[in-house]
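# A closer look at the structure
These are the residues of each chain, in order.
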Amino acid sequence: MTGREYLRVSQDRSGRERSPEEQHQDHVGVAAERGWTLGAPYRDIGSASRYAAKAREGFDRLIADLEAGRFGADVLLLWEGSRGSRRTNEWVRLIELCEDRAVKILIFTYERLFDPANPYDRADLLELAIKSELASAETSKRTRRAAAATAAAGRPAGRCPYGYQRRYDPVTRKLVEQVEEPSEAAVVRELFERLQAGHSLRSVERDFRERGIRTRTGLVFSSQHLRSLAMNPTYSGQRVHDPGRLSGHTLSAHATFTEAVWPALVTRAVFLAVRRRLTAPERVTTRPGRAVHLLSMIGVCDVCDGPIAARNSDRGREYVCHRKSCVRIGYDELNTFAEAAIIDYLSRPENLAWLNIGGDDDAALLAVRDQVAEIQAELDDLADQVGAGQITAALAARAEPAILARLKAAQAREAELTTPAPLRDFLTPGADVVRQWTAAPMPARRELVRLLFSPQACGQLRVRRSPSKGHRRPVEQRVWWKTAD
């Protein structure tokens, strides 16, 4: 007789597949006793429970080979019943396929050879399937209860986040505390400070790369990684508990927040200010960190309605119509004109009042933004269920209109409460506008210009054609403001 093994372990912390190899040695022994020849084994590292997120390629290949008649052996060897699966439906499918292909099942720890065609052996295998799934469910329940209790106490769990280090009891190896890791914590604080000041993620990424600042594994910090750090409530001293959420995914509607036992690296106010800037609806992320010219792709050509962009020519640097080169105007002259308009506009108290600078609606705004995120996640989940075949497209189509209506209402409320993030974090009533403008980095200035040079604020900055070729009229005669009315 010939046999093939299915070897599996839920985790392999040794990195040497020690448990599967030990299972294999036991199988070699029993095969030698019975005079069997063993073929190539199927292997997996990963959970077999119905709560597992990772696919088991070895088990899938085993099932496919049985279905296609490629298994090529008389016996399937398992070290114990739960090594095969902790899902009743998978066990039943495996039993039926083995019965159809006249394949017996040996379970080493039972010291027994089962014949799926024998009704008594089949009943024992089905009972084993139910017990395996029940044990898995009980383990999952205990794990979820322990995780919830740890979160409620504000204690850390999972991988130690960048910026912190953990101390363990030298005898029991239990976690004692999570404290700052000085060099990493300094990087995190600098990230928040620069983002609050208006620096772009790309500019921070570029600067960190040039300075040799790396992740723990020696990789360069990408702008996506930096954004995930800046959006992590851990650094403001909050413990997040979100059962079932996969790493890196948006928090679900069931997420809870608890005051953490570890020290915060930034204040709650700084964290909220940075999050508000990164999630603001008016935030534009095209060409992040690369635009270095104040009015490029913001000012408008009055001839073709296309944007203007900075270019170098034999006459020096100019702003030129990006679409058809309809108009061109002096670079420095237009920048000076635009900066004067911005400073004049922001120096008027009535404009600051209209923009609601310094408002105190943070709590309401954050609540409604969380609501928008939750409803959006509900829509995403609906789409995922359709894609996975869990619900039909027709059923999703009936549910979608009500969800969209709630999303539209929440977004309308958000629009009412929103104070533009570039203005809210960039300017303070009564402060020196010129000083703050001069100190701001270019990404923050462009963000502010994009917001103010709109028909609802200063007006859209539009550049006219010069009335006579070769004659350079003053910038005041070439520019006009298109307002909402």
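This text goes with the structure placed above it.
A word on the sheet that holds strand 15 (residues 460–463). Strand order in the open sheet formed by 3 strands is 11-15-16, with mixed pairing between adjacent strands. Pairing within the sheet leaves two strands with one partner each, and these edge strands are strand 11 (300–301) and strand 16 (479–482). One ladder, built from 2 bridges, connects strand 11 with strand 15; its direction is parallel. Paired with valine 300 across the strands is arginine 462, a residue of strand 15.

What follows covers the sheet that holds strand 12 (residues 308–313). Reading across from one edge, 12-13-14 is the order of the 3 strands in this open sheet, with antiparallel pairing throughout. Either end of the sheet is taken by a strand with one partner, and the two such strands are strand 12 and strand 14 (328–330). With direction set aside, neighbouring strand axes in the sheet form an average angle of 35 degrees. Direction of pairing for strand 12 relative to strand 13 (residues 316–321): antiparallel, over a ladder of 6 bridges. Paired with alanine 310 across the bridge in strand 13 is tyrosine 319. Sheet strands touched by helix 10 (residues 331–346): strand 12, strand 13 and strand 14. Its angle to strand 14, the strand with the most contacts, is close to 75 degrees.

Let us now look at the pattern of salt bridges. This structure, assessed with the given rule, holds 21 salt bridges. With a closest N to O distance of 2.9 Å, arginine 93 and glutamate 67 form a salt bridge. Placement of arginine 93 in helix 4 (residues 88–100) and of glutamate 67 in helix 2 (residues 57–68) is noted, with a sequence separation of 26 residues between them. A relative accessible area of 35% means that arginine 93 is categorised as partly exposed. With a relative accessible area of 40%, glutamate 67 lands in the partly exposed category. Between arginine 112 and aspartate 121 there is a salt bridge, with its nearest N and O atoms 2.8 Å apart. Here aspartate 121 falls in the buried class, since its relative accessible area comes to 12%. Where salt bridges share partners, they join Glu190, Arg194, Asp207 and Arg211 into one cluster.

Turning our attention to the state of the cysteines. Counted under the stated rule, the structure contains 0 disulfides. With no disulfide partner, cysteine 321 has as its closest neighbouring cysteine sulfur the one in cysteine 304, 3.5 Å distant. You can call cysteine 321 buried: its relative accessible area is 0%.

Viewed as axis vectors pointing N to C, helix 4 and helix 5 (residues 119–152) meet at an angle of 155 degrees, and their least axial separation amounts to 9 Å. Taken as axis vectors, helix 4 and helix 5 run roughly antiparallel relative to one another. The handedness of the crossing between helix 4 and helix 5 comes out as right-handed. In this structure, helix 4 uses Thr88, Trp91, Val92, Ile95, Glu96 and Glu99 to contact helix 5, whose residues at the interface are Arg122, Leu125, Leu126, Leu128, Ala129, Ile130, Ser132 and Glu133.

Further remarks concern the packing of helix 6 (residues 182–197) against helix 7 (residues 201–211). It is the contact of helix 6 with helix 7, at a shortest axis distance of 10 Å, that shows an interaxial angle of 145 degrees. For helix 6 against helix 7, the interelement crossing comes out right-handed. Here Val187, Glu190, Leu191, Arg194 and Leu195 of helix 6 lie close against helix 7, whose contacting residues are Leu201, Ser203, Val204, Asp207, Phe208 and Arg211. When its residues are assigned to classes, the contact of helix 6 with helix 7 shows 6 nonpolar, 1 polar and 4 charged.

This model, assessed by the stated rule, comprises 13 aromatic pairs. When the ring of tyrosine 162 is compared with that of phenylalanine 221, the centres are 5.3 Å apart and the planes differ by 80 degrees; the resulting orientation is edge-to-face. Taken as a pair, tyrosine 162 in the loop between helix 5 and strand 7 (164–168) and phenylalanine 221 in the loop between helix 7 and helix 8 (223–230) lie far apart in primary sequence, 59 residues in all. Residue classification places phenylalanine 221 among the buried positions, given a relative accessible area of 1%.

For helix 4, with 13 residues, the first-to-last C-alpha span of 18 Å sits near the 18 Å given by 1.5 Å per residue. Within helix 4, burial applies to Glu90, Trp91, Leu94, Ile95, Leu97 and Cys98. Down the axis of helix 4, the buried side of the element spans an arc of 165 degrees, and every buried residue falls inside it. Turned more than 90 degrees away from the buried face of helix 4, the exposed residues are Asn89 and Asp100. Alanine 102 sits one or two residues past helix 4 and shows a positive phi near 55 degrees.

What counts, and where the lines are drawn
- Residues numbered from 1 in each chain as written.
- Predicted model: local features only at pLDDT ≥ 70, side-chain atom pairs only at ≥ 80, totals over all residues.
- Heavy atoms only, no water.
- Pairing = 2+ DSSP bridges.
- Helix = DSSP H or I, 4+ residues; strand = E, 2+ residues; numbered from the N terminus.
- Axes fitted to C-alpha atoms, helices over the stretch in contact; angles between N-to-C directions.
- Contact = heavy atoms within 4.5 Å.
- Salt bridge = Lys/Arg side-chain N within 4 Å of Asp/Glu carboxyl O.
- Buried < 20%, exposed > 50% of the residue type's maximum accessible area, 1.4 Å probe, protein only.
- Disulfide = S-S within 2.5 Å.
- Parallel < 35°, antiparallel > 145°, perpendicular 65-115°, else oblique.
- Left-handed = near helix turned anticlockwise from the far one by under 90°.
- Nonpolar A, V, L, I, M, F, W, Y, C, P; charged D, E, K, R; others polar.
- Phe/Tyr/Trp six-rings, centres within 6.5 Å; stacked < 30°, edge-to-face > 60°.
- Expected span 1.5 Å × (residues − 1).
- Arc of directions from axis to C-beta.

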